[in-house]
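Chain by chain, the residues:
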Amino acid sequence: MKAIIYSMIAAGILIMVTNIYRYIRFMQNMRDAFPKGKNRSWMWKTVGLLLLVFFLMGYIAVAAFGAPDLMVAGILFGGSIFVAIVLTIMFDLIESIKDNCLSVTEVLIGVIEARDPNLNGHSRFVQNLTMLFYDYLPTDIRKEINQMSLEYAALMHDVGKLGIPEKILNKPGKLTDEEWKIMKQHPELGVKFLEPLHSFSSIRPWIKYHHERIDGKGYYGLSEQEIPLPAKVIAVADTYSAIVMRRAYKEPKTHETAINILHDIAGTQLDTHLVDIFCQIPKEKLLACVPPSLY
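Residues numbered from 1 in each chain as written. Predicted model: local features only at pLDDT ≥ 70, side-chain atom pairs only at ≥ 80, totals over all residues. Heavy atoms only, no water.

*Asks:* Looking at this structure, I do not really get the overall build of the chain. What am I missing?
*Replies:* Regarding its fold elements, the chain presents 14 helices and zero strands. Sequence-ordered secondary structure for the chain, helices as α and strands as β, is α-α-α-α-α-α-α-α-α-α-α-α-α-α. Contacts spanning at least 24 positions in sequence make up 71% of the contacts within the chain whose residues lie at least 6 apart. Carbon and sulfur atoms provide 62% of the accessible area of the chain, an area that totals close to 15600 Å². (Helix = DSSP H or I, 4+ residues; strand = E, 2+ residues; numbered from the N terminus. Contact = heavy atoms within 4.5 Å. Areas by Shrake-Rupley, 256 points an atom, 1.4 Å probe, with all protein chains shown as cover.)

*Asks:* What am I meant to see in helix 4 (residues 122-136) here?
*Replies:* Note that an α-helix has 3.6 residues per turn; residues three or four places apart therefore point the same way. Taking 1.5 Å as the rise per residue, helix 4 with 15 residues should run 21 Å; its terminal C-alpha atoms sit 21 Å apart, in good agreement. Counting buried residues in helix 4 gives 11 out of 15 residues, a clear majority hidden from the surface. Those residues of helix 4 that fall on the buried side of the exposure criterion are His 122, Ser 123, Phe 125, Val 126, Gln 127, Leu 129, Thr 130, Met 131, Leu 132, Phe 133 and Tyr 134. (Expected span 1.5 Å × (residues − 1). Buried < 20%, exposed > 50% of the residue type's maximum accessible area, 1.4 Å probe, protein only.)

*Asks:* Just to check I follow, could you spell out the pattern of salt bridges for this structure?
*Replies:* Pairing between side chains of opposite charge can happen when their charged atoms approach one another. One pass over the full model with this rule turns up four salt bridges. The residue Lys 161 makes a salt bridge to Asp 158 at a minimum N-O spacing of 3.6 Å. Note on accessibility: Lys 161 and Asp 158 belong to one class, buried. The shortest N-O distance in the salt bridge between Lys 283 and Glu 256 comes to 3.0 Å. (Salt bridge = Lys/Arg side-chain N within 4 Å of Asp/Glu carboxyl O.)

*Asks:* Can you walk me through the packing of aromatic side chains in this structure?
*Replies:* Within a pair of aromatic rings, the relevant descriptors are the distance that separates the centres and the angle that separates the planes. Scanning the entire structure with this criterion turns up eight aromatic pairs. Look at Tyr 23 and Phe 26: their rings are 6.2 Å apart centre to centre, the planes differ by 45 degrees, and that puts the pair in the tilted class. Of this pair, Tyr 23 and Phe 26 both sit in helix 1 (residues 2-29), three residues apart, which is roughly one turn of the helix. Here Tyr 23 falls in the buried class, since its relative accessible area comes to 9%. Given a relative accessible area of 11%, Phe 26 falls into the buried group. An aromatic cluster is defined as three or more aromatic residues linked by ring pairs; in this entry it consists of Tyr 23, Phe 26 and Phe 91. (Phe/Tyr/Trp six-rings, centres within 6.5 Å; stacked < 30°, edge-to-face > 60°.)

*Asks:* Help me understand the packing of helix 4 against helix 11 (residues 229-244), please; the structure alone is not making it clear to me.
*Replies:* Helix packing geometry: the angle between the two helix axes and the distance between the axes. It is the contact of helix 4 with helix 11, at a shortest axis distance of 9 Å, that shows an interaxial angle of 130 degrees. When the interaxial angle is binned, helix 4 and helix 11 end up oblique. Crossing geometry of helix 4 relative to helix 11 is assigned as right-handed. Seen from helix 4, the contacting residues are His 122, Phe 125, Val 126, Leu 129, Thr 130 and Phe 133; seen from helix 11, they are Val 233, Ile 234, Val 236, Ala 237, Asp 238, Tyr 240, Ser 241, Ala 242 and Val 244. (Axes fitted to C-alpha atoms, helices over the stretch in contact; angles between N-to-C directions. Parallel < 35°, antiparallel > 145°, perpendicular 65-115°, else oblique. Left-handed = near helix turned anticlockwise from the far one by under 90°.)

Here it is, written out as structure tokens:
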């Protein structure tokens, strides 16, 4: 009987350790665009973690110093299972909310882009390219960028074009200096549109600076070190999309031509290391990122 009792308690301890690990991963994954919370929410999350650790210590104390019977062992084992179930439901609910929020954002971006035939599908294409690109980034770079935050930033990188007059967006020819000056305002406009949404505060600089250049000749003249890493990642995907997409004023270029152009502008417009990584992604995977609206 003792073997059964201590086996149940040992199993409960292992499950509680797993629960703590899952909870810590959950807290880390909460550091993204959608569920960014205030200090008070982080306080409660920390309290939750401390309670889980406290319960684990209780399990260990009972096993090491107590004289548990079958009922106590059953309660401890059942308690660990209950916590695991609650955590699973909570995690699934959060992921569902985040997925739904992203889907709504995609629909809104689609509606916005529908007013400009040169943009229709572009943001979704950049989103898909960026997330594929993220999968190919080295581990040390991925650790610096929250995946979901990057996805939101990539999807909304051109949201500021909602504030650009249609006659400029839809102009088939080259923009005048004055028109180009207005067009270059779209990153700043995008940031202003997102200001009321405090949960997106972390990605606003990524959106604002996605047109910065490594040589410091971008919209805001930032140096290579000043440009946020996620903005550099989005810039590579955005540039590839702009090259291979059909526009009213130009024919689309091939994948091979796009790769050659990326290599040519690496070190001046785009980050050389990121370009090298992007260009190693198989052609078929990059082209599979094209959204249905662009076929």
